[in-house]
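Structure assessment
Listed here are the chains, written in short residue letters.
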Amino acid sequence: MSSIRRHFIVGYGSLINSISRSQTGETGQVWPVKLTGYERHWSVMSPEFGMSSVAVLKIEDSASSHVCNGVLVEVPEDQLTLFDEREKGYQRVRVAPDSIEAYSGALLPDGTYWIYITDRVDSPSQQCPIALSYVDVILTGCFEFSDAFLEDLITYTKGWDSVVLNDRLSPRYPRVQTQLDTRILAPYLRLITPLTSEELSVTYEL
């Protein structure tokens with residue numbers, strides 16, 4: 001296939017998780033990457049589910065401190081509309097290839113790079129909190145790569161001090177993964193949420 005016809009999406013939230021991606025459409029090879037010139041925030045992007053989601057803003061300046069990590073995922077052209085539907089409320093825009101680098105330092109493939117962004121941030125609230133059923137999926141996806149990748153995701157995400165809800169007994173996230181071992185997530189969640197160890201011990205009913 002011509003490199004011009006190849007399409008790639010930069011996933012920076014639940015698209016990091018391979019099981020979550022597969023629930024939407026076909027994808028190909030995946031590379032963990034860092035993206036300069038963008039910031040990831042918790043924002044009210046999913047009010048229909050009563051929860052907040054992560055969203056990325058493009059920052060129009062040259063400061064190297066504006067960094068986000070995620071995955072570069074090859075997506076067949078005929079699958080893009082499926083991901084557009086999944087990410088409704090966001091705008092799919094092109095990403096300049098020179099703003100992305102692989103964690104491994106390897107060369108990334110030629111093609112058209114896309115990312116889903118927003119132009120504003122609405123902070124989480126009691127009505128639309130950060131839901132653990134969603135965070136669990138994101139953090140578990142990070143484990144597919146490395147501890148450093150997960151730690152960067154935490155560091156490069158703004159808004160962890162917002163309202164957080166353990167919704168595992170009644171999940172709000174539509175692509176929840178109830179089979180996850182939440183015990184391995186607890187040490188990280190204690191660092192980034194106000195929830196107590198007792199609150200975090202509440203897990204999914206299988």
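Everything discussed here concerns the structure shown above.
So, a few notes on the structure that sits alongside this text. Here the structure is a predicted model, which means the values were calculated and not measured.

**Topic: the sheet that holds strand S6 (residues 91–94)**
Read from one edge of the open sheet, 6 strands run S6-S8-S1-S5-S2-S7, paired in mixed fashion. Only two strands of the sheet have a single partner each, and these edge strands are S6 and strand S7 (100–102). Neighbour-to-neighbour, the strand axes of this sheet turn through a mean angle of 35 degrees, independent of strand direction. Across 4 bridges, S6 lies against strand S8 (residues 112–117) in antiparallel orientation. Across the sheet, the residue bridging to Gln91 is Ile117, located in S8. On top of the sheet, helix H4 (residues 147–155) reaches strand S2 (30–36) and strand S5 (67–74); it is set at about 125 degrees to S5, its chief contact.

**Topic: the side chain of Ser20**
Within the fold, Ser20 resides in helix H1 (residues 18–22). The class for Ser20 is buried, based on a relative accessible area of 0%. For Ser20, the residues in contact, after removing those within four places along its chain, are Ser14, Arg86, Val137, Tyr173, Arg175 and Gln177.

**What about the sheet that holds strand S3 (residues 38–46)?**
With mixed pairing, 3 strands are arranged side by side in an open sheet as S4-S3-S10. The open sheet has two edge strands, strand S4 (51–58) and strand S10 (157–158), and neither has a second partner. The sheet contact formed by S3 and S10 spans 2 bridges and is parallel. Paired with Arg40 across the bridge in S10 is Thr157.

**Notes on the environment of Ser43**
Mapped onto the fold, Ser43 is located in strand S3. Separated by 57 residues in the primary sequence, Ser43 and Ile100 have C-alpha atoms spaced 23 Å apart. When sequence neighbours within four positions are dropped, the list of residues in contact with Ser43 reads Ser52, Ser53, Ala55, Arg120, Val121 and Asp122. There is a polar contact of 2.9 Å between the side chain of Ser43 and the backbone nitrogen of Asp122.

Rules used throughout
Residues numbered from 1 in each chain as written. Predicted model: local features only at pLDDT ≥ 70, side-chain atom pairs only at ≥ 80, totals over all residues. Heavy atoms only, no water. Pairing = 2+ DSSP bridges. Helix = DSSP H or I, 4+ residues; strand = E, 2+ residues; numbered from the N terminus. Axes fitted to C-alpha atoms, helices over the stretch in contact; angles between N-to-C directions. Contact = heavy atoms within 4.5 Å. Buried < 20%, exposed > 50% of the residue type's maximum accessible area, 1.4 Å probe, protein only. Polar contact = N/O pair within 3.5 Å; in protein donor to acceptor, adjacent residues only side chain to side chain.

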